Amino acid sequence: MNEDRTVGIIGLGYVGLPLALGLQEAGLDVVGVDANPRRIEELLAGHSPIDDIGDDRLAAAVERGLRLLNPDPETLRDVDALVVCVPTPITASKEPDLRPVIAAAELVRSSLRSGQLVVLQSTTFPGTTTGPFREVLERGGLVAGRDFDLAFAPERVNPGDPASSGRNVPRLVGGITPQATARAKALFEHINAVVVPLSSPDAAELAKLLENVFRNINIAFVNQLALLCERMGLDVWEVIDAAATKPFGFMAFRPGPGVGGHCIPVDPYYLSWRAREFDFVERFIELAGDINLAMPRHVVELSAEALNDRGRALNGAAVGVIGAAFKPDVQDARNTPAADVVAGLVRRGANVRYHDPLVPELRDAAGAIHHSVPLDELLDGSDLIVVVTPHRRLDWDAIYGRAGLVVDTCNSSRGRVRADRQVLRLGAGWAGVDGVEN
């Protein structure tokens with residue numbers, strides 16, 4: 001088996017760009033392509049749109065010869081291996097949307113030659129690599145397993161954590177033949193210390209979904225627990241911290257305003273959709289997804305409750321939202337619960353503005369565009385502050401020192417409450433100055 005030394009990466013987003021840089025830094029010749037011309041222009045200008053990739057690292061890679069191009073079949077025909085790293089969203093009816101994967105497969109087919117290795121990395125349902133993806137590749141006459149090798153190797157990128165795309169995170173690979181698995185394993189051993197071969201692409205696809213659905217289900221459970229604690233007059237944050245003192249058999253998950261990002265809100269529906277094709281209804285998985293999707297609506301209800309406590313209506317109130325990214329300390333707002341919270345507040349008649357130092361523009365769930373305003377302006381002009389994303393760079397002592405009324409969805413107020421009935425906490429009720437609900 002000859003070593004694959006030239007690699008083409010299709011899709012230069014949160015998965016593809018770190019992969020391209022990692023392989024090139026390992027000494028391979030890498031060409032990256034993206035269907036978005038503005039993304040290529042941005043990268044060639046030396047600006048990384050990804051938190052985990054610094055501009056200096058990107059510039060150094062380009063200086064060493066990293067090629068960044070618009071899709072070009074002739075260029076891709078010259079590479080030894082092709083890795084597809086494109087989004088896998090869901091439709092409005094929560095079914096898999098494989099259009100990006102199929103479009104990438106069409107591009108690969110137009111450049112495919114005998115002897116190449118093709119790897120799909122995009123998170124998807126079991127049977128995608130060996131089904132629709134393979135079918136498109138073979139329309140050109142070449143046959144997977146005979147003329148070219150085909151495998152699936154899921155990403156494990158955690159935005160905001162550069163180590164997640166680093167060498168110490170094990171990689172899964174599953175090929176349609178033992179040779180395809182061996183080639184994919186050898187390719188990723190350039191950047192991963194441990195590469196785990198699986199029996200098939202389907203097994204690797206399901207393993208990836210298991211990782212993400214596991215998180216979604218456990219987050220849904222603690223979100224339900226938070227709602228229960230509100231009714232029982234208990235503090236869910238205290239309860240979870242207490243349970244987490246057990247050194248075995250427990251893993252702490254935290255409630256919040258919803259789930260976001262490229263995986264957790266999407267992947268459960270890939271699995272439940274595929275399960276239905278086997279006459280198997282994944283009620284548990286779908287229920288967890290529904291619970292998490294309902295949390296932004298609960299945040300809106302908490303906002304109305306907090307204002308009502310002051311004799312105010314949500315309709316006509318000035319509401320400031322802090323945080324628009326889907327998680328702290330990243331600029332990634334994909335599927336962020338903030339979009340649903342903002343849209344829900346607007347629907348109830350609130351005048352909504354937001355502040356996020358990392359997300360200058362937010363499209364809410366209704367399609368309206370909002371722009372981040374300065375924090376001082378937000379604090380001075382709001383009847384209510386709703387904390388959605390607790391970026392560490394924000395001055396939380398100052399925020400709670402100035403805000404008169406706050407809905408806290410992420411326990412950012414812990415130890416910072418300045419007055420009784422100043423903060424209404426998700427999963428805990430009103431916080432007193434001594435930290436005890438009142």
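The structure this text deals with has already been given above.
Our subject in this report is the structure included herewith. Because the structure is a prediction, the values reported are computed rather than measured.

The rules we used
Residues numbered from 1 in each chain as written. Predicted model: local features only at pLDDT ≥ 70, side-chain atom pairs only at ≥ 80, totals over all residues. Heavy atoms only, no water. Helix = DSSP H or I, 4+ residues; strand = E, 2+ residues; numbered from the N terminus. Rg over C-alpha atoms; globule rule 2.2 N^0.38 Å. Buried < 20%, exposed > 50% of the residue type's maximum accessible area, 1.4 Å probe, protein only. Contact = heavy atoms within 4.5 Å. Areas by Shrake-Rupley, 256 points an atom, 1.4 Å probe, with all protein chains shown as cover. Lys, Arg positive; Asp, Glu negative; His and termini not counted. Charge placed at Lys NZ, Arg CZ, Asp CG, Glu CD. Pairing = 2+ DSSP bridges. Axes fitted to C-alpha atoms, helices over the stretch in contact; angles between N-to-C directions. Phe/Tyr/Trp six-rings, centres within 6.5 Å; stacked < 30°, edge-to-face > 60°. Parallel < 35°, antiparallel > 145°, perpendicular 65-115°, else oblique. Left-handed = near helix turned anticlockwise from the far one by under 90°. Nonpolar A, V, L, I, M, F, W, Y, C, P; charged D, E, K, R; others polar. 1 Å grid on protein atoms, 1.4 Å probe; cavity = no way out; pocket = protein on both sides within 12 Å on 5 of 7 lines; lining within 4 Å. Points joined across faces, edges and corners; volume = space filled by probe spheres on them. Core = buried A, V, L, I, M, F, W, Y, C linked by side-chain atoms within 4.5 Å. Right-handed = clockwise from strand over helix to strand, strands pointing away.

### Brief notes about the overall build of the protein
Okay, so step 1: Counting its regular elements, the protein contains 14 helices and 16 strands.
Okay, so step 2: In terms of overall size, the protein behaves like a compact globule, its C-alpha atoms giving a radius of gyration of 24 Å where 438 residues would be expected to give roughly 22 Å.
Okay, so step 3: When its C-alpha atoms are laid out on the principal axes, the protein stretches across 70 × 50 × 40 Å.
Okay, so step 4: Per-residue burial over the protein gives 52% buried out of 438 residues.
Okay, so step 5: Taking the contacts inside the protein whose residues are at least 6 apart along the sequence as the reference set, 67% of them involve residues at least 24 apart.
Okay, so step 6: Per element, the accessible surface of the protein, about 18,800 Å² overall, is 52% carbon and sulfur.
Okay, so step 7: The distance from the centre of the 44 positive side-chain charges to the centre of the 58 negative ones in the protein is 2 Å.

### Structural notes on the environment of Cys-229
Okay, so step 1: By the element assignment, Cys-229 lies in helix H8 (residues 201-232).
Okay, so step 2: Sequence-wise, Cys-229 and Gly-429 are 200 residues apart; in three dimensions their C-alpha atoms are separated by 8.4 Å.
Okay, so step 3: Residue contacts for Cys-229: discarding those within four places in its chain leaves Leu-234, Asp-235, Val-236 and Gly-427.

### Considering the sheet that holds strand E16 (residues 429-431)
Okay, so step 1: One open sheet holds the 6 strands; their spatial order is E10-E9-E13-E14-E15-E16, and the pairing between them is mixed. Where the open sheet ends on each side, the last strands, each with one partner, are strand E10 (351-355) and E16. Ignoring strand direction, the axes of neighbouring strands in this sheet form an average angle of 25°.
Okay, so step 2: With 3 bridges joining them, strand E13 (residues 384-387) and strand E14 (residues 406-408) adopt parallel strand pairing. Pairing of Val-387 across the sheet is with Asp-408, part of E14.

### A short note on the packing of aromatic side chains
Okay, so step 1: Summed over all chains, the structure comprises 4 aromatic pairs.
Okay, so step 2: The interplanar angle of 70° and the centroid separation of 5.7 Å between the aromatic rings of Phe-214 and Phe-253 together place this pair among those described as edge-to-face. Here Phe-253 lies in the loop between helix H9 (236-243) and helix H10 (267-276) and Phe-214 lies in helix H8, a separation of 39 residues in the sequence.
Okay, so step 3: Counting every residue linked through ring pairs, the aromatic cluster contains Phe-125, Tyr-270 and Trp-273.

### Examining unusual backbone geometry
Okay, so step 1: Its identity as a non-glycine residue notwithstanding, Lys-94 has a phi of 65°, on the positive side.
Okay, so step 2: Note on placement: Lys-94 falls in the loop between strand E4 (81-84) and helix H5 (99-111).
Okay, so step 3: The exposure class of Lys-94 is partly exposed, given its relative accessible area of 31%.
Okay, so step 4: The backbone of Asp-279 sits at a positive phi, close to 55°, despite the residue not being glycine.
Okay, so step 5: When you line up the elements, Asp-279 lands in the loop between H10 and helix H11 (283-309).

### Digging into the packing of helix H1 (residues 16-25) against helix H3 (residues 55-64)
Any two packed helices are characterised by the angle at which their axes cross and by the distance between the axes.
Okay, so step 1: Between H1 and H3, whose axes approach to 10 Å, the crossing angle comes to 50°. It follows that H1 is oblique to H3 by the angle criterion. Handedness of the H1/H3 crossing: left-handed. On the side of H1, the interface is formed by Leu-17, Pro-18, Leu-21, Gly-22, Gln-24 and Glu-25, while H3 contributes Arg-57, Leu-58, Ala-61 and Arg-64.
Okay, so step 2: Among the residues making up the contact of H1 with H3, the classes are represented as 5 nonpolar, 2 polar and 3 charged.

### Quick notes on the sheet that holds strand E7 (residues 171-175)
Okay, so step 1: Taken together, the 8 strands give an open sheet; going across it, the order is E3-E2-E1-E4-E5-E6-E7-E8, and neighbouring strands pair in mixed fashion. On the outer flanks of this sheet lie strand E3 (67-69) and strand E8 (195-197), each paired with one strand and no other. Going from strand to strand, the sheet's axes swing by 25° on average, the running direction of each strand aside.
Okay, so step 2: With 3 bridges joining them, strand E2 (residues 29-33) and E3 adopt parallel strand pairing. Following the sheet pairing, Val-33 is matched in E3 by Leu-69.
Okay, so step 3: Where helix H2 (residues 37-44) meets the sheet, it contacts E2 and E3, and its direction lies at approximately 150° from that of E3.
Okay, so step 4: Against the sheet, helix H6 (residues 129-137) engages E4, strand E5 (117-120) and strand E6 (149-152), with an angle of about 145° to E6.

### Observations concerning empty space enclosed by the protein
Okay, so step 1: In the structure shown here, the tally under the stated rule is 1 cavity of 30 Å³ or more.
Okay, so step 2: Around the largest cavity, the lining residues are Asn-216, Val-259, Ile-264, Pro-265, Pro-268, Tyr-269, Gly-289 and Leu-293.
Okay, so step 3: Elements with a contribution of two residues or more to the lining of the largest cavity: H10 and H11.

### Section: the nonpolar core
Okay, so step 1: Formed by 45 residues in total, the largest nonpolar core has its most connected members in Leu-314, Val-319, Val-321, Leu-345, Leu-384 and Val-386.
Okay, so step 2: Secondary structure elements with two or more residues in this core: H8, H9, H11, strand E9 (318-322), helix H12 (337-347), E10 and E13.
Okay, so step 3: Take this core: its biggest share by element is 7 residues, from H11.
Okay, so step 4: If we skip the residues at most four places from it in the chain, Val-321 touches Val-342, Leu-345, Val-352, Arg-353, Tyr-354, His-355, Leu-378, Val-386 and Val-388.

### So, the pairing of E2
Okay, so step 1: With 4 of its 5 residues buried, E2 lies for the most part within the structure.
Okay, so step 2: By the bridge criterion, 5 bridges tie strand E1 (residues 6-10) to E2 in an arrangement that is parallel. Looking at E2, one finds that Ile-10 is bridged to Val-33.
Okay, so step 3: Taken together, E1, H1 and E2 form a β-α-β motif whose crossover is right-handed.

None of this, on its own, says anything about what the molecule does.
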